[in-house]
Amino acid sequence: MRGKIAATARQEKNQITEGVIWKQLLIFFFPILLGTFFQQLYNTADAIIVGKFVGKQALASVGGTSNTIINLFVGFFVGLSSGATVIISQFFGGQDDEGVSHAVHTSIALSLVGGVLIMVVGILVAPWALRLLGTPDDVFDGSLTYMRVYFCGIIASLLYNIGTGILRAIGDSRRPLYFLMVACFVNIILDILLVLGCQLGVLGVALGTVISQCVSAVLVIVTLLRSDNACKLIPKQIRLDIKILQRILVIGFPAGLQSVMYTISNMIIQAGVNSFGTDTMAAWTAYGKIDSLFWMIINAFGIAITTFVGQNYGAKMYERMKKSVRVCLAMSFGTTIFISIVLVLGGQYIFELFTNDAEVLRIGMEILRFTVPTFVCYVCIEILSGAARGTGDTLIPTLITAIGVCLLRAIWVLGVVPRHHTILMVVFSYPLTWVISSTAFILYYLHIKKKWH
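All figures in this text were calculated on a predicted structure; none of them were measured in a lab.

About the criteria used
Residues numbered from 1 in each chain as written. Predicted model: local features only at pLDDT ≥ 70, side-chain atom pairs only at ≥ 80, totals over all residues. Heavy atoms only, no water. Phe/Tyr/Trp six-rings, centres within 6.5 Å; stacked < 30°, edge-to-face > 60°. Helix = DSSP H or I, 4+ residues; strand = E, 2+ residues; numbered from the N terminus. Buried < 20%, exposed > 50% of the residue type's maximum accessible area, 1.4 Å probe, protein only. Lys NZ or Arg CZ within 6 Å of the ring centre and 35° of its normal. Salt bridge = Lys/Arg side-chain N within 4 Å of Asp/Glu carboxyl O. Lys, Arg positive; Asp, Glu negative; His and termini not counted. Contact = heavy atoms within 4.5 Å. Patch = residues over 30% accessible without salt bridge, like charges linked within 9 Å, V, L, I, M, F, W, Y side chains within 5 Å. Areas by Shrake-Rupley, 256 points an atom, 1.4 Å probe, with all protein chains shown as cover. Expected span 1.5 Å × (residues − 1).

Q: Quick question: what am I supposed to make of the packing of aromatic side chains here?
A: What characterises a pair of aromatic rings is the spacing of the ring centres plus the angle enclosed by the ring planes. Per the stated rule, a full pass over the model turns up 15 aromatic pairs. Where Phe294 meets Phe375, the ring centres are 4.3 Å apart and the plane angle is 10 degrees; that geometry is what we call stacked. A residue pair is termed long-range when its members are at least 10 positions apart, and Phe294 in helix H12 (residues 292-314) and Phe375 in the loop between helix H14 (358-371) and helix H15 (379-390) qualify at 81 residues. One exposure class covers both Phe294 and Phe375, and it is buried. Geometrically, the ring pair formed by Trp295 and Trp434 is edge-to-face, given 5.8 Å between the ring centres and 65 degrees between the ring planes. With Trp295 in helix H12 and Trp434 in helix H18 (residues 429-448), this residue pair connects regions lying 139 residues apart in the sequence. An aromatic cluster is present here, built from Trp284, Tyr287, Phe294, Trp295, Phe375, Tyr378, Tyr430 and Trp434 joined pairwise through their rings. A cation over an aromatic ring shows up here: Arg131 above the ring of Phe140, its NZ or CZ 3.7 Å from the ring centre.

Q: When you look at the pattern of salt bridges in this model, what are you seeing that I'm missing?
A: When the charged atoms of two side chains lie near each other, side chains of opposite charge can form a pair. Considering all chains together, one arrives at 3 salt bridges under this definition. Taking the shortest distance from any N to any O, the salt bridge between Arg362 and Glu359 comes out at 2.7 Å. Placement of both Arg362 and Glu359 in helix H14 is noted, with a separation of 3 residues, approximately one turn of the helix. For Arg362, the salt bridge is made with Glu366, and the minimal N-O distance between the two is 3.8 Å. Here Arg362 and its partner Glu366 are both found in helix H14, 4 residues apart, which amounts to about one turn of the helix. Arg362 gets classed as partly exposed once you look at its relative accessible area, which sits at 45%. Residue Glu366 is classed as partly exposed on the basis of its relative accessible area, which comes to 31%. A cluster of three or more residues bridged by salt bridges with shared partners is formed by Glu359, Arg362 and Glu366.

Q: Could you clarify how one ought to interpret the side chain of Glu382 in this entry?
A: Within the secondary structure layout, Glu382 lies in helix H15. Despite its burial, Glu382 pairs with no opposite charge; the closest candidate is Arg389, at 4.4 Å N-O. Leaving out residues up to four positions away in the same chain, Glu382 has contacts with Ile298, Asn299, Gly302 and Arg389.

Q: How should I be thinking about a nonpolar patch on the surface in this particular structure?
A: A cluster of nonpolar side chains, Ile337, Ile341, Val344, Leu345 and Val376, forms an exposed patch at the surface whose accessible area comes to about 430 Å². By the element assignment, Val344 lies in helix H13 (residues 318-351). Note on Val344: relative accessible area 32%, which makes it partly exposed.

Q: Just checking my understanding: could you explain the environment of Leu361 for this structure?
A: With respect to the helices, strands and loops of the structure, Leu361 is situated in helix H14. Given a relative accessible area of 11%, Leu361 falls into the buried group. In this structure the C-alpha to C-alpha distance between Leu361 and His420, which are 59 residues apart in sequence, comes to 22 Å. Beyond its immediate sequence surroundings of up to four residues, Leu361 is in contact with Gln348, Phe351, Glu352, Thr355 and Asn356.

Q: Honestly, H15 in this entry has me stumped. Any pointers?
A: Within an α-helix, residues lying three or four positions from one another point in the same direction, as the helix has 3.6 residues per turn. In this model, H15 (12 residues) spans 17 Å end to end at C-alpha, consistent with the 16 Å of a helix rising 1.5 Å per residue. For H15, a buried count of 12 out of 12 residues is recorded, marking the element as mostly surrounded by other parts of the structure. For H15, every residue scored as buried is listed here: Val379, Cys380, Ile381, Glu382, Ile383, Leu384, Ser385, Gly386, Ala387, Ala388, Arg389 and Gly390. Gly392 sits one or two positions beyond H15 and adopts a positive phi of about 90 degrees.

Here you go:
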């Protein structure tokens, strides 16, 4: 028999299906945003410390190619596990305790199995992948060290991601923030000790990252063990429930595949960037840390609308779903315009945090001034795909992404860039594919929202 969560307890813990939409979106959004900020902060701290105190080769090693390859594996699992987040939010919105519990334990089991597989494969294929992307010799050894150490600690990263996904699915976005804050400070302290104190260079940064991820994983698992609701984690019940796993895969596999396609297209772009040499690689790495300010904000809105739509879909509150999408779009566009202005005006000063190399600064600012004003073209992709994901609809969004973003981006970089070999021709693939994909997502959303009744 399906368990029911008491109405009074639910009102205390979850207001996503009630109240003023913009307020509830912001209440859920800000902890996610701040959590993502701290996630980016400790990644950025790695880049700043090695860029300033080790050199531009080390800066290129801890970002750029190595991060792109890591994201190929991690992104697939995070996309796959998003199926669990959607299912848990729907069970929770529909007041199905038993469904929530089965989904939680299946998700944790999936992260353990997936972590072992990714660790083994990642360590083995790292040298081949770096060579495939044309990594320069002066960056290769550092990139390989960073990747292999990172993959050794990948299980902790996956446990943290699935654990925070579980908490957010029931409307708790605050505790994941606290865990990331702790992990961020641990990482910064370890960077200082291992890189500046012990002179371990790239190895020190990698070790600091892995240890801090272990800390955050322990915190989230302990929280689930001590939970007093349907999300309580009971170790002896951790197993793969086949029916729940099938539902997770149906929803999550297209999302994971979408992430892989994004990463593959980024790998193609990274290979194009690598062809310009170490200065451009370092500039691209630093730019990636700067534009993460936009990505962490828009991704937080995407997570918020997925959970918001998912819970209201489970509660059959369809008009509230439609209104929440409109409100989230308005907030996302407004925030994107503001962030774009800040980055264009202050980009030079931010770049100088990463490096004093004049050529790296020049290339980085060229990329920034070209790309940042086009961020507004991406908003509809994130929000409308997030809304569709909340209802369990991932197939068509994946196809739109595959064609509108990944395929066209690859065609551009492989077909056009060799004839016009400049860094701006490489980065033009971003706004070009954003415009095309946004148009497709708008048309698709106008179609599917008619079915929400």
